[in-house]
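# Report on the structure
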Amino acid sequence: MTVRVQAEPFDAGAELDAFAQGRTDIGAVVSFTGVVRDTKGDLQEMLIEHYPGMTESAISKIATEAVQRWDLADVLVIHRYGPLAPGAPIMMVATASAHRAAAFEAADFLMDYLKSRAPFWKKEITGDGATWVAAKDADEDALKRW
Amino acid sequence: MTVRVQAEPFDAGAELDAFAQGRTDIGAVVSFTGVVRDTKGDLQEMLIEHYPGMTESAISKIATEAVQRWDLADVLVIHRYGPLAPGAPIMMVATASAHRAAAFEAADFLMDYLKSRAPFWKKEITGDGATWVAAKDADEDALKRW
Amino acid sequence: MNVIYFAWVRERIGLPQETVQTDAATVNDLIAELCAREDRYAAAFADTSALRVALDQELSSFDAPLAGVREVAFFPPMTGG
Amino acid sequence: MNVIYFAWVRERIGLPQETVQTDAATVNDLIAELCAREDRYAAAFADTSALRVALDQELSSFDAPLAGVREVAFFPPMTGG
């Protein structure tokens, strides 16, 4: 299990290739990459604030729960903070398992929990000013699936 | 939408990085990589046979259905055939969308359909001989989810 | 009509494809004709519930008509992914 | 006690963290004390349903006791991923 919280960019492809590399006991690898989306075409930058210390422990707790609930060979979570450009990868999750259902479900679970339980806050900077991204009720509701 | 059926190996990481590259209208990329799994530790090789012509059209049909059902910015499917070593990537699916739920569901859907509706057959070569991998009832049942 | 076999169907019949002259009306009729020919066909087609058929590269059913069909393929359930 | 603010809570209060001397028994009591101090706190804590609180880096509730707690953090609902 690997958890990284960092300001630096990461290369999702290189991370995917390195993840579960050389394992012959797995059949399925699922990855999720979150990307800075420019909804209205006016985004200059996204600023991600986080809670150092709690961020790492909250993500590790979520990842540990995934490992307990599904038969996973490995789990990777990377999450950036600081200023990000439109189109840049914000974060990534990867899961490896013998079977595809476990890999899919665990990645989906990790994303739902990271969304609402990892202490990150996003601010969108446009020509009109800065706005904090509001949490969606749908994201909180998504947790009830698990 | 890209569909490739090939004997050559592919680099899942490089494919992921190239997929939806530079798009600022997407927020979520999901990838699935299928890997040759050595269940009992005695696998020498996996041989994948396919139905040239039908393979490409069956996969394109499945991918087109995914694009119609979910709001996807792009879809990628790569599937190998021929001899593969334990631990080698067999195939990969990637989906890009504005939102994570669509990307996850579409990738999950594509995998369920590729599993039971794309004309591939797998043969496992071990020291004891060769065995065709039997389709699982669970894989056929999985289609009822969609 | 071009008839193609895959996986263990191909191995039991002993060839990947062949041209068959037939007036069979349906897939089931074609199977009956082939089984009557030689034991290796009877062995391959013994349990059609373990088989799938594609007509001109589209999955089909065993009672489907063969009129106008150029290519028939027999194979076990697919195991892609 | 170390009190930390994030996102728009930090912006409204105007500082990222501060040391608070308090005998407040619960998070709600602490909020009442802070709001009584200055308007900027009252503005930040006007609607606690739009806020979350963590005690020693664990999500908690507003009626949780503060005994033994060293770090309290206030922030809006998280938007990770």
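The structure under discussion appears in the preceding block.
Please read these numbers as outputs of a predicted model, since none were measured by experiment.

Reading the values: the criteria
Residues numbered from 1 in each chain as written. Chains lettered and ligands numbered in written order. Predicted model: local features only at pLDDT ≥ 70, side-chain atom pairs only at ≥ 80, totals over all residues. Heavy atoms only, no water. Helix = DSSP H or I, 4+ residues; strand = E, 2+ residues; numbered from the N terminus. Buried < 20%, exposed > 50% of the residue type's maximum accessible area, 1.4 Å probe, protein only. Contact = heavy atoms within 4.5 Å. Buried area = accessible area lost by both parts, 1.4 Å probe. Salt bridge = Lys/Arg side-chain N within 4 Å of Asp/Glu carboxyl O. Polar contact = N/O pair within 3.5 Å; in protein donor to acceptor, adjacent residues only side chain to side chain. Nonpolar A, V, L, I, M, F, W, Y, C, P; charged D, E, K, R; others polar. Pairing = 2+ DSSP bridges.

Let's shift gears to unusual backbone geometry. All names here are of chain C. Residue Ala 7 is not a glycine yet carries a positive backbone phi of 55°. Within the fold, Ala 7 resides in helix α1 (residues 7-13). Residue Ala 7 is classed as buried on the basis of its relative accessible area of 0%. Not every positive phi belongs to a glycine, and Asp 56 is a case in point at roughly 50°. Mapped onto the elements, Asp 56 comes out in the loop between β3 (52-55) and β4 (58-60).

Right, let's get into the interface of chain B and chain A. Taken together, the contacts link 35 residues of chain B with 35 residues of chain A. Overall, the association of chain B and chain A removes approximately 2700 Å² of surface from exposure, summing both partners, and the carbon and sulfur fraction of that is 54%. When the buried surface of chain B facing chain A is broken down by residue, Arg 37, Arg 100 and Phe 104 of chain B rank first, second and third, together holding 27% of it. At the boundary of chain B and chain A, one finds four salt bridges. Its salt-bridge partner being Asp 112 of chain B, residue Arg 100 of chain A comes within 2.7 Å of it at the nearest N-O pair. Inspection of the chain B/chain A interface yields 15 residue pairs in polar contact (both at pLDDT 80 or more). By residue number, the principal contributor to the side of chain B that touches chain A is strand β2 (residues 28-35) of chain B, which donates eight residues. Residues that form the side of chain B that touches chain A fall into these classes: 16 nonpolar, eight polar and eleven charged. Where strand β2 (residues 28-35) of chain A lies against β2 of chain B, seven bridges are found, and the strand directions are antiparallel. The partner of Gly 34 of chain A across the bridge, within β2 of chain B, is Ala 28 of chain B.

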